[in-house]
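# Descriptive structure summary
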Amino acid sequence: PGATVAAVHPRTDDSDADDDDLIAPSKHFDACKRGLLICTIQFIVNSISSDASGVATMPNKDTFDAFQEQQYHQNKASHPSLNPFTTTLHHCSAGHVTEFILMMLHRGYFDVSEFIISVIYIVKFRDKTGIPLHALAWRPLFVTALLLADKMWEDKSVKNSSLTQLFPVLSNAELFDLETRFLEWLGFSAWVTKSEFQAFCENLLRIDPSAPEVSEQVLQSEYAVALQDGIADAPSAKQTPTPISKVVRPVQPWNLRKTLHAYSPSKRAASPGQVGAPASRVVPPPVSDRGAGDLGVSSVSPRRKPAAALSVGAPAAGWANGPSSHDRQRS
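First, a word on what this report is: a plain description of the structure on this page. (Residues numbered from 1 in each chain as written. Predicted model: local features only at pLDDT ≥ 70, side-chain atom pairs only at ≥ 80, totals over all residues. Heavy atoms only, no water.)

Summing up its helical and strand segments, the protein chain has 14 helices and two strands in all. Considering the protein chain as a whole, with its 331 residues, one finds that 53% of them fall into the buried category. Of all intrachain contacts in the protein chain linking residues separated by at least 6 positions in sequence, the fraction that spans at least 24 positions is 81%. Summed over all atoms, the accessible surface of the protein chain reaches about 13600 Å², with 55% contributed by carbon and sulfur. (Helix = DSSP H or I, 4+ residues; strand = E, 2+ residues; numbered from the N terminus. Buried < 20%, exposed > 50% of the residue type's maximum accessible area, 1.4 Å probe, protein only. Contact = heavy atoms within 4.5 Å. Areas by Shrake-Rupley, 256 points an atom, 1.4 Å probe, with all protein chains shown as cover.)

Okay, structure coming up:
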C-alpha cells in the first residue's frame, strides 16, 4: 500500500497543462488524486485524539462542547438511519475514519479538492481555537468543514438539508449553528490561496501511510476507482466563485475551478464501461426543509445520476445497512 501512495504519475506532456493544476514540479493534481486522498485521510487519522484527560481543560470549551456528537444522538428519536452512527459513536480507528470519509465523499459527490480544502479549514480552526480533532467531536467538525468547502468553491453547492440526510445525527438547524460557529472562528473568511493549496498538497504527499487499512479501503472503494488518475477531459472554462456572503471579495487569484472540475470524474457521471460519459440532466424533486424527526427524505443531484451503494473492503459491523445512497440537492 505504501508504494502505491508514493507512486505519483507525472505527466510527460505539459502542452495542455495549466499552472493551476500543478501542485509541485512535474506533479499535477489530476495524476495524484488517489495518493492525495489516501494521505489526507491518513492525516485526519493521525490528528484525531482520544485522550479524555484533556477534555475538561479544552480551550474554548463552549465551542468544543457544541461539536461533541453524543448530544445530537440524545435529542433525537430512534430511527434506522441513525443506528449506524449511534453504534460507531466516538469510533476513531483508521478503518472507521476511512470508511466514514469515503461514505461522505462518495454519496455526497464531493471532489478530492473539496475534501483537501475542508481539511485546510479544520487546521485553521484548530490553530484559531486550540481545539484538535477529538474522538468526541471529529465527525460533526469534519462534516461542517466539508459543507463550507463545498459552499465556497462550488457553483451549485450542497444544501444543509441534503447533507443532514447523509449525516442524520445533525438536524438542519444544528448543522447551520455549527457552520456559523466554525466560520466565525475563521474570521468569516473561507479563502484559500493557490500557494496555500499547493503547499498543503505537497506536505500531504510526504505523509507516511502508517495504517495499511487506509490504503486498502481507499483503493477498493468505488469512489477511488472513479477518480481515474491521469485521465483528463478538456479543461472547463473559468467561472467566478460564488461568494458565501454579500461582502465584495477580491478577484479569484487562481483557478481552483479547474482543479475541482477539469479532471474530476466524480463530477462527470460515467456510465458502466464508459469513462467520462456525460450524464443526462436530472431535475431534482422538491425537498422540504426537514426537521430532526424526518429522516427519510432523499434528493437528487442536478448534475449526476444516483450513486451506487458505497463499497469498501471491510465495512464495520452495522455500517453496511446504514444510510441509503442519497444524492444531494444543489442550490
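We now examine helix H10 (residues 172-185). Across its 14 residues, H10 extends 20 Å between first and last C-alpha, which sits within 8% of the 20 Å expected from 1.5 Å per residue. Residues of H10 that are buried include every one of Asn 172, Glu 174, Leu 175, Leu 178, Glu 179, Phe 182 and Leu 183, and no others. Buried residues of H10, seen end-on, are gathered within an arc of 160° and therefore sit on one face of the element. Facing away from the buried side of H10, by more than 90 degrees, are the exposed residues Ala 173 and Phe 176. The inward-facing, buried residues of H10 contact helix H3 (61-67), helix H4 (70-74), helix H7 (112-129), helix H8 (138-153) and helix H9 (160-166). Gly 187 sits one or two positions beyond H10 and adopts a positive phi of about 70°. (Expected span 1.5 Å × (residues − 1). Arc of directions from axis to C-beta.)

This paragraph deals with the environment of Phe 43. Looking at the element boundaries, Phe 43 is found in helix H2 (residues 33-47). Overall, the relative accessible area of 21% leaves Phe 43 in the partly exposed class. Note: C-alpha distance between Phe 43 and Ile 207 (164 residues apart in sequence) is 7.4 Å. Contacts of Phe 43, omitting those with residues within four sequence positions, involve Val 119, Val 123, Phe 200, Leu 204 and Ile 207.

This part takes up H8. Taking 1.5 Å per residue, 16 residues should reach 22 Å; H8 reaches 22 Å between its end C-alpha atoms and fits that length. When you tally the buried positions in H8, you get 15 out of 16 residues, the bulk of the element.

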